[in-house]
Amino acid sequence: GAVVSQHPSRVICKSGTSVKIECRSLDFQATTMFWYRQFPKQSLMLMATSNEGSKATYEQGVEKDKFLINHASLTLSTLTVTSAHPEDSSFYICSARGADTQYFGPGTRLTVL
Amino acid sequence: SQQGEEDPQALSIQEGENATMNCSYKTSINNLQWYRQNSGRGLVHLILIRSNEREKHSGRLRVTLDTSKKSSSLLITASRAADTASYFCATAVTTGTASKLTFGTGTRLQVTL
């Protein structure tokens with residue numbers, strides 16, 4: 001199946017700093033990518049839909065100024081958590097839309113101290 | 001929220017037994033998908049069943065879909081210790097040109113030797 005990578009896999013940062021997470025589709029072009037967050041022992045919650053060359057569409061309750069999404073190419077989308085706080089600590093997972101389904105990255109564990 | 005509900009939340013069985021997980025959802029769907037997630041890892045796509053299909057098989061997996069009851073089940077036969085993971089159903093809904101996956105609450109499966 002198609003491969004989606006995320007970088008970094010883990011990041012620990014101090015409160016108030018910004019963190020950028022990259023999501024790449026390695027063997028196919030993805031005009032649409034998705035960003036999810038997952039708290040421990042909970043399900044994935046869609047944060048936003050990232051469309052190449054246009055603004056992201058955010059789900060209700062997700063602050064677009066806090067979670068900046070850029071999808072500048074057909075193989076790369078980035079999520080920047082600005083001014084991170086401990087409550088932003090979570091598992092962030094991206095996915096890229098393929099022909100029939102979505103392919104998920106391995107996730108990024110963010111810990112904000 | 002149209003997030004689906006899964007039951008049971010947790011299931012513990014012995015190797016060789018069958019495991020059945022159920023998923024209910026709230027809205028009309030295009031398809032329903034099942035994913036597996038090992039602890040702290042990304043999602044692995046298991047199987048997709050379209051809204052006009054009632055049953056689908058893939059190896060030791062059997063999925064049913066009842067659109068009148070808005071429910072689906074995942075059966076894993078002859079379970080193995082390596083099947084230990086969390087299992088999520090996800091419903092795909094297309095609105096215009098946008099298609100989104102909404103995940104259920106998940107079932108944590110523990111298979112013991």
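Okay, so let's go over this structure. Nothing here was measured: the structure is a model prediction, and the numbers come from that model. (Residues numbered from 1 in each chain as written. Chains lettered and ligands numbered in written order. Predicted model: local features only at pLDDT ≥ 70, side-chain atom pairs only at ≥ 80, totals over all residues. Heavy atoms only, no water.)

## As for the state of the cysteines
All names here are of chain A.
Next up, step 1: For the coordinates displayed, the defined rule picks out two disulfides over all chains.
Next up, step 2: In this model, Cys-23 is linked to Cys-94 through a disulfide, with the two sulfur atoms separated by 2.0 Å. Taking the sign of the S-S torsion, about 80° here, the bridge from Cys-23 to Cys-94 comes out right-handed. One end of the pair, Cys-23, is in strand β3 (residues 19–25); the other, Cys-94, is in strand β9 (residues 90–97), with 71 residues separating them in the sequence. (Disulfide = S-S within 2.5 Å. Helix = DSSP H or I, 4+ residues; strand = E, 2+ residues; numbered from the N terminus.)

## Thoughts on the nonpolar core
Next up, step 1: Residues Trp-35, Leu-79, Tyr-92 and Leu-110 of chain A are the most contacted members of the largest nonpolar core, which totals 23 residues.
Next up, step 2: If we skip the residues at most four places from it in the chain, Leu-110 of chain A touches Val-11, Cys-13, Val-19, Val-81, Asp-88, Ser-89, Ser-90 and Tyr-92 of chain A. (Core = buried A, V, L, I, M, F, W, Y, C linked by side-chain atoms within 4.5 Å. Buried < 20%, exposed > 50% of the residue type's maximum accessible area, 1.4 Å probe, protein only. Contact = heavy atoms within 4.5 Å.)

## Topic: the pattern of salt bridges
Next up, step 1: Taken as a whole and judged by the stated rule, the model has six salt bridges over all chains.
Next up, step 2: Here Glu-22 of chain A and Arg-24 of chain A are joined by a salt bridge, their closest N and O atoms 3.4 Å apart.
Next up, step 3: Classification of Arg-24 of chain A as partly exposed rests on a relative accessible area of 33%.
Next up, step 4: Glu-55 of chain B serves as the salt-bridge partner of Arg-62 of chain B, at 3.1 Å between the closest nitrogen and oxygen.
Next up, step 5: We classify Glu-55 of chain B as partly exposed; its relative accessible area is 40%. (Salt bridge = Lys/Arg side-chain N within 4 Å of Asp/Glu carboxyl O.)

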